[in-house]
Amino acid sequence: MPLYSYHCPACNAEFEVLLGLSETAVCPQCGASEPERLLGRTAAPSTASGKLAKFRQQAAREGHFSNYSKSEIKGKL
């Protein structure tokens, strides 16, 4: 279920709700049944794989394998 952000024009409250496709939002403060859905923010592209490779190279240079899984360590030793 997606997380939606809403603004209630009746009481000026902003809130987030997990809703299914057939569900409608209700303001938790005043009970209004027609809040306005806000535009959501998009997630930034992930650079985790590049950072993980960099951390693994540094760990290997320093002689410890704390950033490797057990199956990967067997191949390194």
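The structure displayed is predicted, hence computed values, not measured ones.

*Asks:* What's the story with the overall build of the protein in this structure? I'm lost.
*Replies:* When its secondary structure is counted, the protein shows two helices and three strands. Helices (α) and strands (β) of the protein occur, in sequence order from the N terminus, as β-β-β-α-α. Scored against the burial criterion, the 77 residues of the protein give a buried share of 17%. At a minimum sequence separation of 6, the contacts of the protein that also span at least 24 residues come to 25%.

*Asks:* Sorry if this is basic, but what is going on with the nonpolar core here?
*Replies:* Side chains of nonpolar character tend, in soluble globular proteins, to be buried together. Core analysis: the largest hydrophobic core is formed by eight residues, namely Tyr 6, Cys 8, Ala 13, Phe 15, Val 17, Leu 19, Ala 25 and Cys 27. In contact with Ala 25, other than residues within four places in its own chain, are Tyr 6, Leu 19, Ala 32, Ser 33 and Pro 35.

*Asks:* Before we go on, may I ask you to explain the pairing of strand β2 (residues 14–18) in this structure?
*Replies:* Side-chain direction in a regular strand flips from residue to residue, so the side chains alternate between the two faces of the sheet. Residues Phe 15 and Val 17 of β2 are buried on one face, while the alternating residues Glu 14, Glu 16 and Leu 18, pointing to the opposite face, are not. Between strand β1 (residues 3–7) and β2, which follow one another and run antiparallel, lie six residues, and Asn 12 among them has a positive phi close to 65°.

*Asks:* I keep staring at unusual backbone geometry and nothing clicks. Help me out?
*Replies:* For residues other than glycine, phi is negative in most cases, and the peptide bonds are mostly trans. Of note, Asn 12 is a non-glycine position whose phi angle comes to about 65°, a positive value. Looking at where Asn 12 falls in the secondary structure, it is placed in the loop between β1 and β2.

*Asks:* I keep staring at helix α1 (residues 48–62) and nothing clicks. Help me out?
*Replies:* Spacing of three or four residues puts side chains on the same side of an α-helix, whose turn is 3.6 residues. With 15 residues, α1 extends 21 Å from end C-alpha to end C-alpha; this agrees with the ideal 21 Å at 1.5 Å per step. Just downstream of α1, Gly 63 is the residue with a positive phi angle, here 85°.

*Asks:* Explain the sheet that holds β1 here, please?
*Replies:* Sheet strands pair by backbone hydrogen bonding; their relative direction is either parallel or antiparallel. Taken in spatial order, the three strands line up as β2-β1-β3 in an open sheet, and their pairing is antiparallel. The sheet is open, and its two edges are formed by β2 and β3 (36–37), each paired on a single side. The pairing of β1 with β3 spans two bridges and is classified as antiparallel. What sits directly across from Tyr 6, in β3, is Arg 37.

Calculation notes
Residues numbered from 1 in each chain as written. Predicted model: local features only at pLDDT ≥ 70, side-chain atom pairs only at ≥ 80, totals over all residues. Heavy atoms only, no water. Helix = DSSP H or I, 4+ residues; strand = E, 2+ residues; numbered from the N terminus. Buried < 20%, exposed > 50% of the residue type's maximum accessible area, 1.4 Å probe, protein only. Contact = heavy atoms within 4.5 Å. Core = buried A, V, L, I, M, F, W, Y, C linked by side-chain atoms within 4.5 Å. Pairing = 2+ DSSP bridges. Expected span 1.5 Å × (residues − 1).

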